[in-house]
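The primary structure of each chain is shown beneath.
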Amino acid sequence: DVKVTQSSRYLVKRTGEKVFLECVQDMDHENMFWYRQDPGLGLRLIYFSYDVKMKEKGDIPEGYSVSREKKERFSLILESASTNQTSMYLCASSLIGANTEAFFGQGTRLTVV
Amino acid sequence: DAKTTQPPSMDCAEGRAANLPCNHSTISGNEYVYWYRQIHSQGPQYIIHGLKNNETNEMASLIITEDRKSSTLILPHATLRDTAVYYCIAAARVGAQKLVFGQGTRLTINP
């Protein structure tokens, strides 16, 4: 079975801290994604990557950056955490091409105080 | 990617078939229809997808109209564990795939 693992289930950080959210997948998928989910707003795409060192902005990239140095790992970086970045963060991965599905991690609930 | 429209909420009795509609009237020829669901406090889970033919797997059936402007996800014998938010997505599968989730339908299965 495909496994997408996010490094933390719950995280509490202080305003202004640099925060790293890590995601690892074990199925050699080309695509990886970062979403955030907030009540009433659904899942919103922050960034995605379709290859090592490649990245594309999603719908809400402001305040975030990403890193993909290895195929299996996709990191989301909050350069200076703010309280409005308190949210559930979800990582996903998939193969490129037709007839593929995305697999999601269990999510990281980040609270910025 | 085409925009999809779903009812915000639905109820279904346990043991009955749950039929979840989705409208995607602007879908283009190379876009698939995907369904995912999200059970509370978990990441979304893939259910099924199709292009123009009806599809069935161990979880559900997907019925796509001939003009492809709408589809219905069918859970044939709903159980309490099927209570979740169900997302319908229209997305192309060329090069990098980008899944954009809407608000989905909150399905409640009642005992």
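Along each chain, numbering runs from 1 in the same order as the chain's sequence is written. Here every chain gets a letter starting at A, and every ligand a number starting at 1, in the order they are written. In keeping with the predicted nature of the model, local features appear solely for residues at pLDDT of at least 70, side-chain atom pairs appear and are counted solely at 80 or more, and the whole-chain, interface and lining totals rest on all residues. Values reported for side chains reflect all heavy atoms of the structure, with hydrogen atoms and water molecules removed beforehand.

Points about unusual backbone geometry
Part 1 of the argument: With phi around 60°, Asp28(A) is a residue other than glycine that occupies positive phi space.
Part 2 of the argument: Think of it this way: any DSSP run of H or I at least four residues long counts as a helix, any run of E at least two long counts as a strand, and we number them from the N terminus. Within the secondary structure, Asp28(A) sits in the loop between strand S3 (19-25) and strand S4 (31-38).
Part 3 of the argument: Residue Arg68(B) is not a glycine yet carries a positive backbone phi of 65°.
Part 4 of the argument: Positionally, Arg68(B) belongs in the loop between strand S6 (61-64) and strand S7 (70-75).

Quick notes on the side chain of Gln37(A)
Part 1 of the argument: In this fold, Gln37(A) is placed in strand S4.
Part 2 of the argument: When its relative accessible area of 17% is taken as the criterion, Gln37(A) is described as buried.
Part 3 of the argument: The term polar contact refers here to a pair of N or O atoms within 3.5 Å; inside protein, the definition further demands a hydrogen-donor-capable atom paired with an acceptor-capable atom, and it admits residues adjacent in sequence only when both atoms are side-chain atoms. There is a polar contact of 2.7 Å between the side chain of Gln37(A) and the side chain of Gln38(B).
Part 4 of the argument: Setting aside anything within four residues of it in sequence, one finds Gln37(A) in contact with Gly42(A), Leu43(A), Ser87(A), Met88(A), Leu90(A), Gln38(B) and Tyr87(B). Throughout, exposure labels follow a simple rule: accessible area from a 1.4 Å probe, protein chains only, divided by the maximum for the residue type, with under 20% read as buried, over 50% as exposed, and the rest as partly exposed. Here a residue-residue contact requires only that any non-hydrogen atoms of the pair lie within 4.5 Å.

Some points on the interface of chain B and chain A
Part 1 of the argument: Taken together, the 19 residues of chain B in the interface contact 26 residues of chain A.
Part 2 of the argument: Salt bridges are defined as contacts in which a side-chain nitrogen from Lys or Arg sits within 4 Å of a carboxyl oxygen from Asp or Glu. Put simply, chain B and chain A have zero salt bridges between them.
Part 3 of the argument: In this structure, the connection of chain B to chain A is made through five residue pairs in polar contact (both at pLDDT 80 or more).
Part 4 of the argument: Those elements that place two or more of their residues in the side of chain B that touches chain A are strand S3 (31-38) and strand S4 (45-50) of chain B.
Part 5 of the argument: Grouping the constituent residues of the side of chain B that touches chain A by class yields ten nonpolar, seven polar and two charged. Following the grouping adopted for this structure description, the nonpolar residues are Ala, Val, Leu, Ile, Met, Phe, Trp, Tyr, Cys and Pro, the charged ones are Asp, Glu, Lys and Arg, and the polar ones are all others, Gly among them.

Digging into the state of the cysteines
Part 1 of the argument: Note on terminology: disulfide denotes any pair of cysteine sulfur atoms within 2.5 Å. One pass over the full model with this rule turns up two disulfides over all chains.
Part 2 of the argument: The disulfide partner of Cys23(A) is Cys91(A), and the S-S distance across this bridge is 1.9 Å. The sign of the S-S torsion, about -80°, decides the handedness of the disulfide formed by Cys23(A) and Cys91(A): left-handed. Of the two residues, Cys23(A) sits in strand S3 while Cys91(A) sits in strand S9 (residues 87-94), which places them 68 residues apart along the sequence. Both residues of the pair, Cys23(A) and Cys91(A), belong to the buried class.
Part 3 of the argument: In this model, Cys22(B) is linked to Cys88(B) through a disulfide, with the two sulfur atoms separated by 2.1 Å. Disulfide Cys22(B)-Cys88(B): the torsion about the S-S bond is -80°, which places it as left-handed. On the criterion of sequence distance, the pair formed by Cys22(B) in strand S2 (residues 18-23) and Cys88(B) in strand S8 (residues 84-92) is long-range, its members being 66 residues apart.

Looking at the sheet that holds S7(B)
Residues and elements named next belong to chain B.
Part 1 of the argument: Read across the sheet, four strands follow the order S2-S7-S6-S5 without closing on themselves; strand pairing throughout is antiparallel. Edge strands, defined here as strands with exactly one partner in the open sheet, are S2 and strand S5 (55-56).
Part 2 of the argument: Note on pairing: two strands pair once DSSP finds at least 2 bridges between them. Across four bridges, the pairing between S6 and S7 is antiparallel. Each bridged residue has a counterpart across the sheet, and for serine 61 the counterpart in S7 is isoleucine 74.

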